[in-house]
Amino acid sequence: MKVLLIGDFSNYHRALGDGLRQLGHDVTVASSGTQWLNTERDIDLRRSPGKFGGALLYARLRSTLLSRLSGYDVVQICSPLFVELRPKRVSRIFDLLKQRNGRVFLTALSTDSHLVERLSGNEPPLRYSEWQIGREPTPFALSDVNMRDEWLAPEMVANDKHIYDNIDGAVTALYEYHKIIEDVIPADRLAYAGIPIDIQKIKPVPMPPLGPGDPVRIMVAYPRARMIEKGADRLLALVRELERRHRGWIVVDEVTQLPYSEFVERIGRNHIVVDQLYSYTPGTTALLAMAMGRVAVSGGEEEYYGFIGEKELRPVVNTDPSDMDITMRRIEEVALDRRLLRELASQGPEFVRRHNASGKVAARFERFWLR
């Protein structure tokens, strides 16, 4: 099949494209490169800086780029805001994609108005999220009192509804997204695929030294603009406290805003990689670390393991945003017990091979398209 993947987050569509090519499909990735990550793409959809950047991108999409975004059997958009334009213009580009291609699907990769409405309401479907812990707002939700209203602005809601009503189906990247989107997408138009990791490129690498005099290196990775959303502010404070308590035995490596290739290389310099606080599911950074044979601190709830059918491996140090003392003790235990550290690190590559190898994730997309 001829496949167009449009928009991207954290290299998801690029890694998916590699997996689909392994299955024999003709794949084009069109994206902005996800800002500083500068991920690989075949068609560049970056928005130029300045007042008229949106107008210039919209004009390019409707003219010179449109022919390159036409004639595909399958199109996957990365979210209801799959290009960096005002919602009304996104809806018009979506309609053009529908007119000029076969079926159009949503890859549920990121926040949208439906997710915000469900997770910040009186009866959230999850115990916690970046928006609430129970019914209490998180530091992220309180960091900008206008943020929720902006996500739920009429033009945002209208664009999301237009796309949800007109896609041919949706494929989810995380357990959390699946639980939320199943409220609005019927089961026969919905599938879970997980996050693709290209294990042909991202392979286990030797662990940094762990001799009697070597410190355990803990990497905390986050994008600056999403530090509070990911809970990295709270996690960084936590591991800095561990570094203070165990001076010389624990060293923190704070990483932000690196291009993708440099970011992957930096993971290999550390023993433990701290990803995010509010997730039930290990995210891309955690999975990259696991594939390389590092211990990941991220979402690893039993609901997630049950959802994917994993009965044996438990490689993730699970974060608990409702009890940071428990989270600290979990990280501290692994950092100070080198046998446990090596054991968890050894489970990571096998876990990623079972559940997140890009070829396996791509095959889940393929089965969904063909059913």
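This structure is a prediction, so every number in the text was calculated from the model and none was measured. Each chain carries its own residue numbering, running from 1 in the written order of its sequence. Only residues with pLDDT of at least 70 get local features here, since the model is predicted, and only at 80 or more are side-chain atom pairs given and counted; chain-wide, interface and lining totals rely on the full set of residues. Hydrogens are left out, water is left out, and the side-chain values use all remaining heavy atoms of the structure.

Caption draft 1: Representation of the pattern of salt bridges in the model. Just to be clear on terms, a salt bridge is a Lys or Arg side-chain nitrogen sitting within 4 Å of an Asp or Glu carboxyl oxygen. Using the criterion set out here, one finds 30 salt bridges in the structure. Linking D42 and R14 is a salt bridge whose minimum nitrogen-to-oxygen distance equals 3.5 Å. In this pair, D42 is assigned in the loop between β2 (26-31) and β3 (43-44) and R14 in helix α1 (residues 12-22), connecting sequence segments 28 residues apart. Per-residue accessibility, obtained with a 1.4 Å probe over protein chains only, is compared with the maximum for each type, and a residue is labelled buried under 20%, exposed over 50%, and partly exposed between these values. Residue D42 is classed as partly exposed on the basis of its relative accessible area of 35%. Among the residues examined, R14 registers a relative accessible area of 11% and is labelled buried. Within the structure, one salt-bridge network assembled from shared partners comprises R14, D18, R21, E40, D42 and K201. Numbered from the N terminus, helices here are DSSP runs of H or I no shorter than four residues, and strands are runs of E no shorter than two.

Caption draft 2: Looking closely at the nonpolar core. Counting 95 residues, the largest nonpolar core has I6, Y12, L61, I77 and F82 as its most contacted members. Here this core takes six residues from helix α11 (residues 284-291), the largest share from any one element. Look past the residues within four positions of I77 in its chain and what remains in contact with it is I6, H13, F82, F94, L97, V104, F105, L106, T107 and I163. The nonpolar core is taken to be a set of buried Ala, Val, Leu, Ile, Met, Phe, Trp, Tyr and Cys residues, with the residues joined through side-chain atoms within 4.5 Å. By size, the runner-up hydrophobic cluster in this structure holds 29 residues, among which are V216, L236, V317 and I331. Residue contacts follow a heavy-atom distance rule, with two residues in contact if any of their heavy atoms lie within 4.5 Å.

Caption draft 3: How the structure looks around the sheet that holds strand β13 (residues 295-298). A strand pair is defined by DSSP finding two or more bridges across the two strands. Sheet architecture is open: five strands sit in the order β11-β10-β12-β13-β14, paired in parallel fashion. Edge strands, defined here as strands with exactly one partner in the open sheet, are β11 (250-255) and β14 (316-318). The sheet shows a mean angle of 25° between the axes of neighbouring strands, taken without regard to direction. The pairing of β13 with β14 spans three bridges and is classified as parallel. Angles run from 0 to 180 degrees between N-to-C directions of axes, and those axes are lines fitted to C-alpha atoms, restricted for helices to the stretch in contact.

Caption draft 4: Spatial organisation of the packing of helix α9 (residues 232-245) against helix α13 (residues 324-336). Two numbers describe how α9 lies on α13: the axes approach to 10 Å, and their chain directions differ by 50°. The angle between α9 and α13 falls in the class oblique. Our pair here, α9 against α13, has a crossing hand that is right-handed. Taken together, the residues of α13 that come into contact with α9 (itself represented by R234, L235, L238, V239, E241, L242 and R245) are M324, T327, M328, I331 and E332. By residue class, the composition of the contact of α9 with α13 is seven nonpolar, one polar and four charged. The labels follow the angle: roughly parallel below 35 degrees, roughly antiparallel above 145, roughly perpendicular from 65 to 115, and oblique for the rest. A clockwise turn of the near helix away from the far one marks a right-handed crossing, whereas an anticlockwise turn of less than a right angle marks a left-handed crossing. Residues are grouped as follows: Ala, Val, Leu, Ile, Met, Phe, Trp, Tyr, Cys and Pro are nonpolar; Asp, Glu, Lys and Arg are charged; every other residue, Gly included, is polar.

Caption draft 5: Molecular detail of the packing of helix α3 (residues 87-100) against helix α7 (residues 154-166). Between α3 and α7, the shortest axis-to-axis distance is 8 Å and the interhelical angle comes to 15°. The angle between α3 and α7 places the two elements in the roughly parallel class. In this structure, α3 meets α7 at a crossing whose hand is left-handed. Residues P87, K88, V90, S91, F94, D95 and K98 of α3 touch α7, and the partners they reach there are E155, M156, N159, H162, I163 and N166.

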